[in-house]
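# Structure at a glance
These are the residues of each chain, in order.
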Amino acid sequence: MPLDIMLPFYGDFGQFKEAVSSVLAQTDPNWRLVIIDDQYPDPRPGEWAQALDDERITYQRNEVNLRISGNFNESIRLIANDHAVILGCDDILLPEYVSRVSALIAEYPQAALIQPGVEVIDSSGTVVLPLADRIKAWCRPRGTGTRLLSGERLATSLLRGNWLYFPSLVWRADVFESRRFRSDLDVVQDLDMIMSIVEAGESLLVDEKIVFQYRRHEESLSAKRGPDGKKFIEERLVFRETAERARLLGWSRTRRAARLRITSRANSLSEVPVAIKLRSGAAVKSLLRHTFGR
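About the cut-offs
- Residues numbered from 1 in each chain as written.
- Predicted model: local features only at pLDDT ≥ 70, side-chain atom pairs only at ≥ 80, totals over all residues.
- Heavy atoms only, no water.
- Buried < 20%, exposed > 50% of the residue type's maximum accessible area, 1.4 Å probe, protein only.
- Helix = DSSP H or I, 4+ residues; strand = E, 2+ residues; numbered from the N terminus.
- Arc of directions from axis to C-beta.
- Contact = heavy atoms within 4.5 Å.
- Phe/Tyr/Trp six-rings, centres within 6.5 Å; stacked < 30°, edge-to-face > 60°.
- Polar contact = N/O pair within 3.5 Å; in protein donor to acceptor, adjacent residues only side chain to side chain.
- Pairing = 2+ DSSP bridges.
- Right-handed = clockwise from strand over helix to strand, strands pointing away.
- Axes fitted to C-alpha atoms, helices over the stretch in contact; angles between N-to-C directions.
- Parallel < 35°, antiparallel > 145°, perpendicular 65-115°, else oblique.
- Left-handed = near helix turned anticlockwise from the far one by under 90°.
- Nonpolar A, V, L, I, M, F, W, Y, C, P; charged D, E, K, R; others polar.

## Describing helix α5 (residues 131-139)
Side chains that are three or four residues apart share a direction in an α-helix, a result of its 3.6 residues per turn. The set of residues buried in α5 consists of D133, K136 and C139. One face of α5 carries all of its buried residues, which in axial projection span an arc of 115°. Summarising the geometry of α5, the exposed residues directed more than 90 degrees from the buried face are L131 and W138. If you follow the buried residues of α5, they end up packed against β6 (113-121), α6 (151-160) and α11 (262-277).

## A word on unusual backbone geometry
Negative phi values dominate among residues other than glycine, just as trans dominates among peptide bonds. In this structure, Q39 takes a positive phi of about 60° despite not being glycine. Tracing the backbone through its elements, the reader meets Q39 in the loop between β2 (31-37) and α2 (44-50). For R261, which is not glycine, the phi torsion reads 35° and is therefore positive. Note on placement: R261 falls in the loop between α10 (252-260) and α11.

## What about the packing of aromatic side chains?
Centre distance and the angle of the planes are the two values used to describe a pair of aromatic rings. Within the structure shown, the criterion is met by 13 aromatic pairs. For the pair Y10 and Y40, a centre-to-centre distance of 5.0 Å together with 90° between the ring planes defines the contact as edge-to-face. Pair noted here: Y10 is in the loop between β1 (3-9) and α1 (13-24) and Y40 is in the loop between β2 and α2, with a separation of 30 residues, a long-range link. By relative accessible area, Y40 is classed as buried at 17%. Ring centres of F166 and F181 lie 5.8 Å apart, and the angle between their planes is 75°; this geometry places the pair in the edge-to-face category.

## What to know about helix α3 (residues 67-77)
Among the residues of α3, those classed as buried are S69, N71, F72, N73, E74, S75 and I76. Those residues of α3 hidden inside the fold are in contact with β1, β2, β3 (57-61), β4 (83-86) and α7 (189-199).

## Describing the environment of D38
Here D38 lies in the loop between β2 and α2. The buried category is assigned to D38, whose relative accessible area is 3%. Sequence separation of D38 and E74 is 36 residues, and the distance between their C-alpha atoms is 9.8 Å. Residues in contact with D38, not counting those within four places in the same chain, are F9, Y10, N62, V64, N65, L66, R67 and N71. Here L66 takes part through its backbone nitrogen, which lies 2.7 Å from a polar atom of the side chain of D38.

## Some words on the pairing of β1
Counting buried residues in β1 gives seven out of seven residues, a clear majority hidden from the surface. Here β1 runs beside β2; their pairing, made up of seven bridges, is parallel. Looking at the pairing, I5 lines up with L33 of β2. Handedness of the crossover joining β1 and β2 through α1: right-handed. Strand direction decides the pairing type here: β1 and β4, joined by three bridges, are parallel.

## Considering the packing of helix α9 (residues 230-249) against α11
With their axes 11 Å apart at the nearest point, α9 and α11 run at an angle of 165° to one another. Classified by the angle between their axes, α9 and α11 sit roughly antiparallel to one another. At the point where α9 passes α11, the crossing takes the left-handed sense. Residues K231, F232, E235 and F239 of α9 form the contact with α11, whose own contacting residues are S264, N267, S268 and E271. The class makeup of the residues in the contact of α9 with α11 is two nonpolar, three polar and three charged.

What is shown is where atoms sit, not what they do.
Written out as structure tokens, the structure reads:
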């Protein structure tokens, strides 16, 4: 069965072309690409996509701008096969991505999520390893090779620091039968969704083979929402709600990690100099509240 590659689009035309071209370059042709254009004001990306001569590609332009979570949910609505990836429109699939994850799906059909091997690139496509990604590697549960993780251990590690790369994840489509991304979240809706899946007893498969390039750059929404403090307001909400659910589950370590939110506090503190430089007193106050507040 084909792998559904859902591509919600609103962004740089050049990087969008790279993302689509990386799908076309897959060694395994068993995929289906659905591009969901969220009313991007420049018509050229849509025109380019519609001119592609490949029956596996579908292009849709939303009637109204759904914003990021809304377009993720539109992606879910359009999934037609058993597994899907919600690809970032600035990220790149290496040629063996579909082949590798298809083999993992066949070997581990019980996995609700698959985290393939990822390397980070900058805006120009150069492989880099920023501090944020070194911290992600530190937060990742110890182990080597392909392995299944679940339960309190997995939940606790994700709250210590979300070490997953959302655009690279393969989702078992049935997890979306009763779930949608929250429309009140713009940055951490992925963590909220993943935590609900983990809390339901589902498992995550981790693989080491690098088949995905995640682009980290200053124009991303997450990067923009750091200095203004809005990202951390969302994080505080999700951590507070998760701590309460962990209490009900009896997951004491997970609850403690959600209440401490150490890496989130450290990240917030690191944004304070930027907010000061931008002369945003409100942002500085918000960031300090997140860093030192209860």
